[in-house]
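Listed below, chain by chain, are the residues.
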Amino acid sequence: MDAPTIVVGVVAKPHGVRGEVVVRNRSDNPDRWTAGSVVFDAAGTAFTVAAVRTAGDRLLVRFDGVADREQAEALRGRELLVPRSWLPELPPGEWWPDQLEGCRVLTDAGRDLGVLSEVVPHPANDLWVALDEAGVETLVPVVEELLVEVDLAERRIVVREVPGLTAPEG
């Protein structure tokens, strides 16, 4: 498998007795979870999607070769990956989470908010979690009005300083 890889889902638990699993989807590619698509685990084992359906907000996936609850249980907790090379190029102003994680987050006034540790997807807009050396988290909504600069080459993100959001209320 090509490296690096991107996590596109996590197996939460088995569902029923016929080998289905509940997958927490971390992909916005509508073709990621269609019959015939392939994902991998961290060991490089390939899993081909045999069928997929939704139940409320859950994604229920059956993989080829996983025929019963016991086999499905063995997948619990596994991250499901695809090679980064399989991802399409994004338009300007959009980034994959793994490109951003590890970048230093600063305000336009020079305050260091820490390192971007996680991208939390939300329907309205993602949230970037910046974690400083003292363990303080700052949640930065990813909206155009707050973003000043994203420089992946320098591993630096600059956001507007907003009291109560990216700066102490003052």
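Located above this text is the structure these notes cover.
First, a word on what this report is: a plain description of the structure on this page. (Residues numbered from 1 in each chain as written. Predicted model: local features only at pLDDT ≥ 70, side-chain atom pairs only at ≥ 80, totals over all residues. Heavy atoms only, no water.)

With that settled, consider the overall build of the protein. Looking only at helices and strands, the protein has two helices and twelve strands in total. Listing the helices and strands of the protein from first to last along the sequence gives β-β-β-β-β-α-β-α-β-β-β-β-β-β. Over its C-alpha atoms, taken along the principal directions, the protein stretches across nearly 60 × 30 × 25 Å. Counting across all 170 residues of the protein, residues that qualify as buried make up 34%. Taking all contacts inside the protein whose residues are at least 6 apart in sequence as the whole, residues at least 24 apart take part in 49%. Summed over its atoms, the accessible surface of the protein is roughly 9800 Å², and 49% of this surface lies on carbon and sulfur atoms. If you average the places of the 17 positive and of the 29 negative side-chain charges in the protein, the two averages end up 9 Å apart. (Helix = DSSP H or I, 4+ residues; strand = E, 2+ residues; numbered from the N terminus. Buried < 20%, exposed > 50% of the residue type's maximum accessible area, 1.4 Å probe, protein only. Contact = heavy atoms within 4.5 Å. Areas by Shrake-Rupley, 256 points an atom, 1.4 Å probe, with all protein chains shown as cover. Lys, Arg positive; Asp, Glu negative; His and termini not counted. Charge placed at Lys NZ, Arg CZ, Asp CG, Glu CD.)

Sheet topology places strand E1 (residues 5-15) next to strand E6 (residues 79-83); five bridges connect them, and they run antiparallel. Opposite Val-7, over in E6, you have Leu-81 as the bridge partner. With six bridges joining them, E1 and strand E2 (residues 20-25) adopt antiparallel strand pairing. The residue of E2 that forms the bridge with Val-10 is Arg-24. (Pairing = 2+ DSSP bridges.)

You will see that Arg-155, though not glycine, has its phi angle at about 55°, which is positive. Along the chain, the position of Arg-155 falls in the loop between strand E11 (147-151) and strand E12 (156-159).

The next thing to look at is the sheet that holds strand E9 (residues 127-131). A sheet is described by the order of its strands in space; here six strands give the open sequence E10-E9-E8-E7-E12-E11, paired in mixed fashion. The outermost strands of the open sheet, each flanked by one partner alone, are strand E10 (137-141) and E11. Pairwise comparison of adjacent strand axes, ignoring direction, gives a mean angle of 30° for this sheet. Pairing of E11 with E12, which is carried by four bridges, proceeds in the antiparallel orientation. Within the sheet, the bridge partner assigned to Leu-147 lies in E12 and is Val-159. (Axes fitted to C-alpha atoms, helices over the stretch in contact; angles between N-to-C directions.)

The next thing to look at is the pattern of salt bridges. By the definition in use, this model includes nine salt bridges. A salt bridge links Glu-20 to Arg-53; the shortest N-O distance between them is 2.8 Å. With Glu-20 in strand E2 and Arg-53 in strand E4 (residues 46-55), this pair connects stretches of sequence that are 33 residues apart. Given the relative accessible area of 42%, Arg-53 is considered partly exposed. For the salt bridge of Glu-149 with Arg-156, the shortest nitrogen-to-oxygen distance reads 3.1 Å. By relative accessible area, Arg-156 is classed as partly exposed at 26%. Look at the salt bridges and you will find they share partners, linking Glu-149, Asp-151 and Arg-156 into a network. (Salt bridge = Lys/Arg side-chain N within 4 Å of Asp/Glu carboxyl O.)

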